[in-house]
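Working through the structure, step by step
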Amino acid sequence: MSGTGRRRAGAGATRLTRRGRILAWSAGSCAVLVLGVGGVGAWVYKDLDNNITGADVDAKLGGDRPVNLSPGSKNIMVVGSDSRDGANAKYGKDLTTMQSDTLMVLHLPANREWATVVSFPRDSWVEIAACDKGDGSTSGPHLAKINEAFAIGGASGEVANAAACSIRTVEANTGLRIDSFMSVDFQGFKGMVDALDGIEVCPEQAIKDDKAHLDMEAGCQTVGGETALGYVRTRYAVGDGSDIGRIGRQQEFMEALAAKAKSKLTSPTSLYDFLQSATKSLTTDKDLAGIDPLYDLASELKGIPSDRLTFLTVPNYPREADVTADKANIVWQYPQAADLFTSLAGDKEVDKKQLQEQAKNDLIYASTVRVQVLNGTGVTGRAAAVAEKLREAGFTVVGTGNAPENTDTTTVTHPADLAKRAKVLASRLPDTSATQSADAAAGAVTLVVGKDLDLDELR
C-alpha cells in the first residue's frame, strides 16, 4: 500500500504537526486521545464507548489473503464514507449504496519507531476483487475505480461488507495484509466541525460546485458543517480538478480540525459534542471497537517522532497515457508502486524523497512496453489469456506463441536497451524479476508464462 508531496490548497490558516494529521484522519483515535488528556468522567467514557460500532469482517474475507511478513507490524485501512441514505442522499445522484471518498492505509512497524500513511486516489483504475454483496450474490472480479469496491460490498447497507470488499481489493492490488479498519461517515464529520464552531479555511479563489453543494468566496472564512463537507469533497471546481489535489486539501483541513479540537480541551460542552460526533460516526473491526484499543493506538502514534511519519500517495499517472479514451482515471506507476508495497510488507521504512524522485525521473507508461508472450505451461490458450490481462493493464502485446519448452517458473527477459521497461512488466508479476538475455527478441520484452503464474495475482 506511492507519492506526491504535500500540496498547497489553501485549506486553512491553522497548522498542525504531521502526527496530528494521522490522528485527525483516524477520527476515533483523535477523539480518544483528546478524551484521555481531558480526563472526563466514567459515565462519559462509557457513553462514548457505546457509540463505536464494531463490525466483524474476518468471516467475510476468506482464507486466501496475503501473509503478514513482519509479525508485530500492523496495516490499518481508513475509509471516509457516506451511505447516500437519509441526510447523505443529496450528495450523490442515483447512488443507492455506500460510497468511499477517502481511502488510505496506515502502516505501523513492529518497533513502532516510524509510520507511513499511503493514500489511494479514488480514481485509481484497479482490479476489484470478487466480493460478497450481502444479498446472497457475489460480484465477479473486474476493472474499475478503486472506490467501487466499497460500493459493491455496501450494496446491502452493511459497513462490514463494504469494508471487506475494500480490504480484499487493496490486498489483491498491493500484497499488503490489512489487519484493521476504520470507517468515518459524512454526517459525523459535519457534527465534529459544528461542535468546534467551524474551521477557518482560506481558498485562493471563489469555489462554486453544485455537486458538492458549495458556493464560497475567495479569502479566509470560517466554514460550518455543510460548507465544510462541501469544501473537502469539491474536486472539479478548484485547483487542477484532480483527486490528487483533493487529497491534499483534505489533509490540510483535517490538520486544522485536529488543532481546534485540542484547543477546546477546556470547553466541556464543545469537547463532549465533538467526541459524540466522532465516535457515533466511527465503525471499526472488532479489535478496535472501543475507547481502550483506540486510545492505545493513539498513544502509539503520539510516541512516533514527527520526522519519522511519512505521508505518500501511490505513484500514478493519467490512464489516458495508456488508453487514450480514458480521461477520467489514473493508474499506479510501476515499478515504483510495487517497490513501495514491497517495502511496507517487509516492514522497511520508505524514503519519500527518493521514491518521488524515482517516480518523476523514471516514469514509463505501460503502453510503451512492448511484450511478447510465450506459453510455457503446456495448457492451450494460456498465452492468449495472459496477453489479454496485460492489454487490460495498458501494455502493448506484440505477439503470442509457445515457448521452446515448458517451465514451472515465469520469466521476463529483455535485450540490453529495454531493461527499465522489462522491470515495469516484471514488477506487475508475483515473485518475478527481469533478466537481460542475448537471445531476447529485439524491440520487445519477452514473457514466458510458467506454471507458477496465477492470473489473479497479475497486478
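Presented here is a report on the structure given in the accompanying data block.

Thresholds applied
- Residues numbered from 1 in each chain as written.
- Predicted model: local features only at pLDDT ≥ 70, side-chain atom pairs only at ≥ 80, totals over all residues.
- Heavy atoms only, no water.
- Helix = DSSP H or I, 4+ residues; strand = E, 2+ residues; numbered from the N terminus.
- Buried < 20%, exposed > 50% of the residue type's maximum accessible area, 1.4 Å probe, protein only.
- Areas by Shrake-Rupley, 256 points an atom, 1.4 Å probe, with all protein chains shown as cover.
- Disulfide = S-S within 2.5 Å.
- Expected span 1.5 Å × (residues − 1).
- Pairing = 2+ DSSP bridges.
- Axes fitted to C-alpha atoms, helices over the stretch in contact; angles between N-to-C directions.
- Contact = heavy atoms within 4.5 Å.
- Parallel < 35°, antiparallel > 145°, perpendicular 65-115°, else oblique.
- Left-handed = near helix turned anticlockwise from the far one by under 90°.
- Nonpolar A, V, L, I, M, F, W, Y, C, P; charged D, E, K, R; others polar.
- Core = buried A, V, L, I, M, F, W, Y, C linked by side-chain atoms within 4.5 Å.
- Salt bridge = Lys/Arg side-chain N within 4 Å of Asp/Glu carboxyl O.
- Patch = residues over 30% accessible without salt bridge, like charges linked within 9 Å, V, L, I, M, F, W, Y side chains within 5 Å.
- Lys, Arg positive; Asp, Glu negative; His and termini not counted.
- Charge placed at Lys NZ, Arg CZ, Asp CG, Glu CD.
- Phe/Tyr/Trp six-rings, centres within 6.5 Å; stacked < 30°, edge-to-face > 60°.

What follows concerns the overall build of the protein chain. In terms of helices and strands, the protein chain carries 15 helices and 22 strands. When each of the 459 residues of the protein chain is scored for burial, the buried share is 55%. Of the accessible surface of the protein chain, which amounts to about 19,000 Å², a share of 47% is contributed by carbon and sulfur atoms.

With that out of the way, let us pick up the state of the cysteines. Tallying each qualifying case throughout the model produces two disulfides. At a sulfur-sulfur separation of 2.1 Å, the disulfide partner of Cys 131 is Cys 165. One disulfide, between Cys 131 and Cys 165, carries an S-S torsion of 85° and so falls in the right-handed class. Here Cys 131 is found in strand E6 (residues 131-132), whereas its partner Cys 165 is found in helix H6 (residues 159-174), with 34 residues between them in sequence.

With that settled, the discussion passes to helix H9 (residues 243-263). In this model, H9 (21 residues) spans 30 Å end to end at C-alpha, consistent with the 30 Å of a helix rising 1.5 Å per residue. For H9, the tally of buried residues reaches 18 of 21 residues, placing the bulk of the element in the interior.

This next bit is on unusual backbone geometry. For residues besides glycine, phi is generally negative; the peptide bonds are generally trans as well. Here the amide bond leading from Tyr 334 into Pro 335 is cis, since omega sits at 10°, within 30 degrees of zero. Inspection of the secondary structure puts Pro 335 in the loop between strand E17 (330-332) and helix H12 (336-345). Even without being glycine, Asp 431 reaches a positive phi, approximately 55°. Within the secondary structure layout, Asp 431 lies in the loop between helix H15 (419-426) and strand E21 (434-436).

Within the open sheet, the five strands sit side by side as E19-E18-E22-E20-E21. Their pairing is mixed. Of all the strands in the sheet, the pair left with one neighbour each is strand E19 (396-402) and E21. Taken pair by pair, the neighbouring strands of this sheet meet at an average axis angle of 25°, ignoring direction. As paired strands, strand E20 (residues 411-414) and E21 are joined by three bridges and run parallel to one another. Counted as the bridge partner of Val 412 is Ala 434 from E21. Relative to the sheet, helix H14 (residues 382-392) contacts strand E18 (370-375), E19 and strand E22 (445-449), its axis offset from that of E18 by approximately 155°. Along the sheet face, H15 touches E18, E20, E21 and E22 and points at about 165° away from the line of E20.

Before going further, it helps to examine the side chain of Thr 283. Its location among the elements puts Thr 283 in strand E14 (residues 282-285). With near-sequence residues (within four places) excluded, Thr 283 lies in contact with Thr 53, Ala 55, Val 159, Phe 181, Met 182 and Ser 183.

For the pair helix H7 (residues 186-195) and helix H8 (residues 225-233), interaxial distance at closest approach is 8 Å and the crossing angle is 120°. In terms of orientation, H7 and H8 fall into the oblique class. Considering the relative orientation of H7 and H8, their crossing is right-handed. Residues Phe 186, Phe 189, Lys 190, Val 193 and Asp 194 of H7 touch H8, and the partners they reach there are Gly 225, Glu 226, Ala 228, Leu 229, Val 232 and Arg 233. Within the contact of H7 with H8, the residues separate by chemical class into six nonpolar, one polar and four charged.

Once that is clear, we can look at the nonpolar core. Grouped together as the largest cluster of nonpolar side chains are 70 residues, with contacts concentrated most on Phe 120, Trp 332 and Leu 390. The greatest single-element share of this core, amounting to seven residues, is contributed by H6. When neighbours within four sequence positions are excluded, Trp 332 is seen to be in contact with Phe 120, Ser 124, Val 126, Ile 146, Asn 173, Thr 174, Val 314, Pro 315, Asn 316, Tyr 317, Ala 337 and Phe 341. By size, the runner-up hydrophobic cluster in this structure holds 47 residues, among which are Leu 48, Leu 106, Leu 288 and Leu 309.

Across all of its chains, the model carries twelve salt bridges by this definition. As a salt-bridge pair, Glu 300 and Arg 112 come within 3.3 Å of each other at their nearest N and O atoms. Taken together, the residues span a long stretch of sequence, with Glu 300 in helix H11 (residues 291-302) and Arg 112 in the loop between strand E3 (99-108) and strand E4 (115-119) at a distance of 188 residues. Residue class for Glu 300 comes out partly exposed when judged on its relative accessible area of 31%. Among the ionic pairs, Arg 319 bridges to Asp 326, the shortest N-O distance being 2.7 Å. Each member of the pair, Arg 319 as well as Asp 326, is classed as buried.

We now examine the side chain of Ser 277. For Ser 277, the location among the structural elements is in helix H10 (residues 268-280). Exposure remark for Ser 277: the relative accessible area of 17% places this residue in the buried category. Apart from residues lying up to four places away in sequence, Ser 277 is in contact with Gly 188, Gly 191 and Met 192.

Let us look at a negative patch on the surface. Taken together, the side chains of Asp 64, Asp 408, Asp 431, Asp 452, Asp 454, Asp 456 and Glu 457 make up a negatively charged region of the molecular surface. Look at Asp 431 and you get exposed, because its relative accessible area is 86%.

Moving on, we get to the environment of Ala 438. Looking at where Ala 438 falls in the secondary structure, it is placed in the loop between E21 and E22. Residues Ala 438 and Ala 416, 22 residues apart in the sequence, show an inter-C-alpha distance of 8.1 Å.

This brings us to the packing of aromatic side chains. Per the stated rule, a full pass over the model turns up five aromatic pairs. Aromatic side chains Phe 120 and Trp 332 sit 5.6 Å apart centroid to centroid with 50° between the ring planes, which places their arrangement in the tilted category. Taken as a pair, Phe 120 in the loop between E4 and strand E5 (125-128) and Trp 332 in strand E17 lie far apart in primary sequence, 212 residues in all. Between Tyr 231 and Phe 253, the ring centres sit 6.2 Å apart and the planes meet at 45°, which makes this aromatic pair tilted. Placement of Tyr 231 in helix H8 and of Phe 253 in helix H9 is noted, with a sequence separation of 22 residues between them. Here Tyr 231 matches Phe 253 in class, with each residue buried.

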